[in-house]
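Observations on the model geometry
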Amino acid sequence: ALLPFPVSRPTADTTRVCIAPASVQMAAGNSDAAIDAVRGTFTSFLTGPSLAVKPMTSRLASQVREEAKTADCPYLLLTTFKHERKGGHSVLGHAASGAVQEGAWNVMTSTHSTTTKVAAGAAMSAASATREVVSSFRAKDELTLGWRLEGQDGRVLVDKSEKRKASSDGEDVLTPLVEHASESIVTAIKAGK
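Below, the structure is looked at part by part. Bear in mind the structure is a predicted one, so any value in this text is a computation, not a measurement.

1. Some remarks on the nonpolar core
Of all hydrophobic cores here, the largest spans 31 residues; its most connected members are Phe42, Leu77, Phe81 and Leu149. Per-element tally for this core: the top contributor is helix 5 (residues 174-192), with 7 residues. Aside from chain neighbours lying at most four places away, what touches Leu149 is Val17, Tyr75, Leu76, Leu77, Arg155, Val156, Leu157, Val158, Ile185, Ala188 and Ile189. Residues Cys18, Met56, Val64 and Ala71 belong to the second largest nonpolar core, which totals 9 residues.

2. Some thoughts on the state of the cysteines
Under the counting rule described, the total for this entry stands at 1 disulfide. Each disulfide pairs two cysteine sulfurs, and for Cys18 the partner residue is Cys73, the sulfurs being separated by 1.9 Å. Disulfide Cys18-Cys73: the torsion about the S-S bond is 65 degrees, which places it as right-handed. Of this pair, Cys18 sits in strand 1 (residues 15-19) while Cys73 sits in the loop between helix 2 (61-70) and strand 4 (75-84), placing them 55 residues apart in sequence.

3. Some thoughts on helix 1 (residues 31-46)
For helix 1, built from 16 residues, the straight-helix expectation of 22 Å at 1.5 Å per residue is met to within 8% by its first-to-last C-alpha distance of 22 Å. Across the 16 residues of helix 1, 13 count as buried, placing the element largely inside the fold. Between a side-chain oxygen at the N-terminus of helix 1 and the backbone nitrogen of Asp32 the separation is 2.7 Å; the capping residue is Asn30.

4. Re unusual backbone geometry
Not every positive phi belongs to a glycine, and Asp72 is a case in point at roughly 60 degrees. By the secondary structure assignment, Asp72 is in the loop between helix 2 and strand 4. If you check the backbone angles, Lys140 has positive phi at about 80 degrees while not being a glycine. Tracing the backbone shows Lys140 in the loop between helix 4 (114-134) and strand 5 (142-151).

5. Re the side chain of Thr144
Tracing the chain through its elements places Thr144 in strand 5. Contact partners of Thr144, with chain neighbours within four places excluded, come to Thr80, Phe81, Lys82, Glu84, Ser161, Glu162 and Lys163.

6. With respect to the environment of Ser135
Within the fold, Ser135 resides in the loop between helix 4 and strand 5. Ser135 sits in the partly exposed class, given a relative accessible area of 28%. For the pair Ser135 and Gly29, spaced 106 residues apart in the sequence, the C-alpha separation amounts to 8.1 Å.

Definitions and limits used
Residues numbered from 1 in each chain as written. Predicted model: local features only at pLDDT ≥ 70, side-chain atom pairs only at ≥ 80, totals over all residues. Heavy atoms only, no water. Core = buried A, V, L, I, M, F, W, Y, C linked by side-chain atoms within 4.5 Å. Buried < 20%, exposed > 50% of the residue type's maximum accessible area, 1.4 Å probe, protein only. Helix = DSSP H or I, 4+ residues; strand = E, 2+ residues; numbered from the N terminus. Contact = heavy atoms within 4.5 Å. Disulfide = S-S within 2.5 Å. Expected span 1.5 Å × (residues − 1). Polar contact = N/O pair within 3.5 Å; in protein donor to acceptor, adjacent residues only side chain to side chain.

As C-alpha cells, this is what we get:
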C-alpha cells in the first residue's frame, strides 16, 4: 500500500510540484514500497521554504497530468525506477537508511517549524520505504532512476536518467540519485521563473 506522506501548506511564495507515482520495474522486492521510496525521497529533498510537494495518486500519465492541472500545480514530476539484478552474494545491514530515519526523527521532535517538521516527516517515511526497497538490492545490482519535470502547459523542463550500481548488499543507491535529480529539478524551476 502507498504510504501517506506529509504535505506542507504552500504560501504565496511557495512553488508547488505535483509528483506522480513512479513507474517501477523491480528485479526483486515490493513495487509499492519502491513507489513510496521514490516519492518520499523526492518529497524530502524538494520540500522547503520555497518548494512544496503534492503527491498525486493517478498511475497513468494522461490521468496524472489531468490530476495535476486540477490541483493547480505549476510543475509535474514524473519518475521511473528500474532495478536490475546483476549478481553478488554478500549480506550487509541497512545502517544508512536507519541512520537517516533516526536523524529525521530527532529533527522532527526537536523543531517548532512546520516546514522543518514536514520535511523531517517526509524523510522518515522515505527512509522507512527506502530501507524496505534497498533490502532487496545485492552487490552489483543496478538502479536506473529517470525524472521528467513538466510545466503546467506540458512543456518538458528536464528529462534525464542516471544509473548507479550497488557496491554491497543493502546499499542505498536511491537517495544519492534522488538528491542529484532534485538539484536539477530545482535549477530548472528557478530558470523557469
